[in-house]
Amino acid sequence: RDEFIEATKDAENWLEENWRLVLQIVGVVVVVAIVVGGWFWYAKASQAKAETLLASAMKTYQTAEAGGFVDTAALETALMEFETASGKGGRAPVGLAAEYYRGVTLHRLGRDEDAVAPLEKVAGHSAASASLSGAASAVLAEVYAARGEQERAIAVLQGLIDAETPTYPVDQALLEM
């Protein structure tokens, strides 16, 4: 019992001598907690905004698709929304999906040179799902073929065929070759 009382008095004396250090440590911990919490909140809010933008862009894109992609103004609107959603979504699935559709929309607009970068980004991204990566590769092969780069198109399709876990029908890839 005497040891406990002595330890308590020692702790009290230490706190009296080092209260500024303790206060500084507590302050740093509180600031770090606020920064981390704010970052998580911001990331969550950005993801929600990206999802909303992606949904809106998809509606616009589907309207253009239903009309046979004749309405280039709708495609341009969808493209702007996909670009914004991609920026907000970053490397998260929603950002990669927006980037994929950005590439697809650029291809539909006949801007194949601009479509390559977003499609390559998604096709080669480790965070992209296998199906999204495969779809991006398939469209990328189509873009390469449209640009007259048959060797590159075949190489991409061959990569889809040779994948360990095929995400694209082999028969379809062979037909496109």
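Residues numbered from 1 in each chain as written. Predicted model: local features only at pLDDT ≥ 70, side-chain atom pairs only at ≥ 80, totals over all residues. Heavy atoms only, no water.

Engineer: Would you explain a negative patch on the surface in this entry?
Structural biologist: A contiguous patch of negative charge on the surface is contributed by D2, E3, E6 and D10. Turning to its location among the elements, E3 is positioned in helix α1 (residues 2–66). (Patch = residues over 30% accessible without salt bridge, like charges linked within 9 Å, V, L, I, M, F, W, Y side chains within 5 Å. Areas by Shrake-Rupley, 256 points an atom, 1.4 Å probe, with all protein chains shown as cover. Salt bridge = Lys/Arg side-chain N within 4 Å of Asp/Glu carboxyl O. Lys, Arg positive; Asp, Glu negative; His and termini not counted. Charge placed at Lys NZ, Arg CZ, Asp CG, Glu CD. Helix = DSSP H or I, 4+ residues; strand = E, 2+ residues; numbered from the N terminus.)

Engineer: I would appreciate a short explanation of the nonpolar core in the present structure.
Structural biologist: If you look at soluble globular proteins, the nonpolar side chains tend to sit buried side by side. One finds L54, Y61, F82, Y100, L119 and V122 to be the most contacted residues of the largest nonpolar core, which totals 41 residues. Taken together, the elements giving at least two residues each to this core come down to α1, α2 (72–89), α3 (93–108), α4 (112–123), α5 (130–146) and α6 (150–162). If you tally residues by element for this core, the top one is α5, at 8 residues. Excluding residues that lie within four positions of it along the chain, Y100 makes contacts with L119, V122, L132, A135, A136 and V139. (Core = buried A, V, L, I, M, F, W, Y, C linked by side-chain atoms within 4.5 Å. Buried < 20%, exposed > 50% of the residue type's maximum accessible area, 1.4 Å probe, protein only. Contact = heavy atoms within 4.5 Å.)

Engineer: Quick question: what am I supposed to make of the pattern of salt bridges here?
Structural biologist: Pairs can form between side chains of opposite charge whenever their charged atoms are close. Following the criterion strictly, the structure yields 7 salt bridges and no others. For R152, the salt bridge goes to E120, with nearest N and O atoms at 3.3 Å. A residue pair is termed long-range when its members are at least 10 positions apart, and R152 in helix α6 and E120 in helix α4 qualify at 32 residues. Residue classification places R152 among the partly exposed positions, given a relative accessible area of 39%. The exposure class of E120 is partly exposed, given its relative accessible area of 34%. One salt bridge connects R147 with E149, and the closest N-O pair in it is separated by 2.8 Å. Look at R147 and you get partly exposed, because its relative accessible area is 34%.

Engineer: So what exactly am I meant to see when it comes to α4 here?
Structural biologist: For α4, built from 12 residues, the straight-helix expectation of 16 Å at 1.5 Å per residue is met to within 8% by its first-to-last C-alpha distance of 16 Å. Residues of α4 that are buried make contact with α3 and α5. (Expected span 1.5 Å × (residues − 1).)

Engineer: Sorry if this is basic, but what is going on with the layout of surface pockets here?
Structural biologist: Over the atoms, a rolled probe matching the size of one water molecule traces out where space is still vacant. The computed volume of the largest pocket comes to approximately 160 Å³. Surrounding the largest pocket, Y61, E65, Y100, Y101, V104, H107, R108, V139 and E142 form its lining. For the lining of the largest pocket, the element with the highest residue contribution is α3, accounting for 5 residues. Taken together, the residues that form the lining of the largest pocket break down as 5 nonpolar, 1 polar and 3 charged. (1 Å grid on protein atoms, 1.4 Å probe; cavity = no way out; pocket = protein on both sides within 12 Å on 5 of 7 lines; lining within 4 Å. Points joined across faces, edges and corners; volume = space filled by probe spheres on them. Nonpolar A, V, L, I, M, F, W, Y, C, P; charged D, E, K, R; others polar.)

Engineer: Would you take a moment to explain the packing of aromatic side chains for this structure?
Structural biologist: Think of a pair of aromatic rings as described by two things: how far the centres are apart, and how the planes are tilted against each other in angle. All told, the structure shown has 6 aromatic pairs when counted by the stated rule. Between the aromatic rings of Y61 and F69, the centroid separation amounts to 5.5 Å while the plane-to-plane angle is 55°, which identifies the pairing as tilted. There is no split in this pair, since Y61 and F69 are both buried. (Phe/Tyr/Trp six-rings, centres within 6.5 Å; stacked < 30°, edge-to-face > 60°.)

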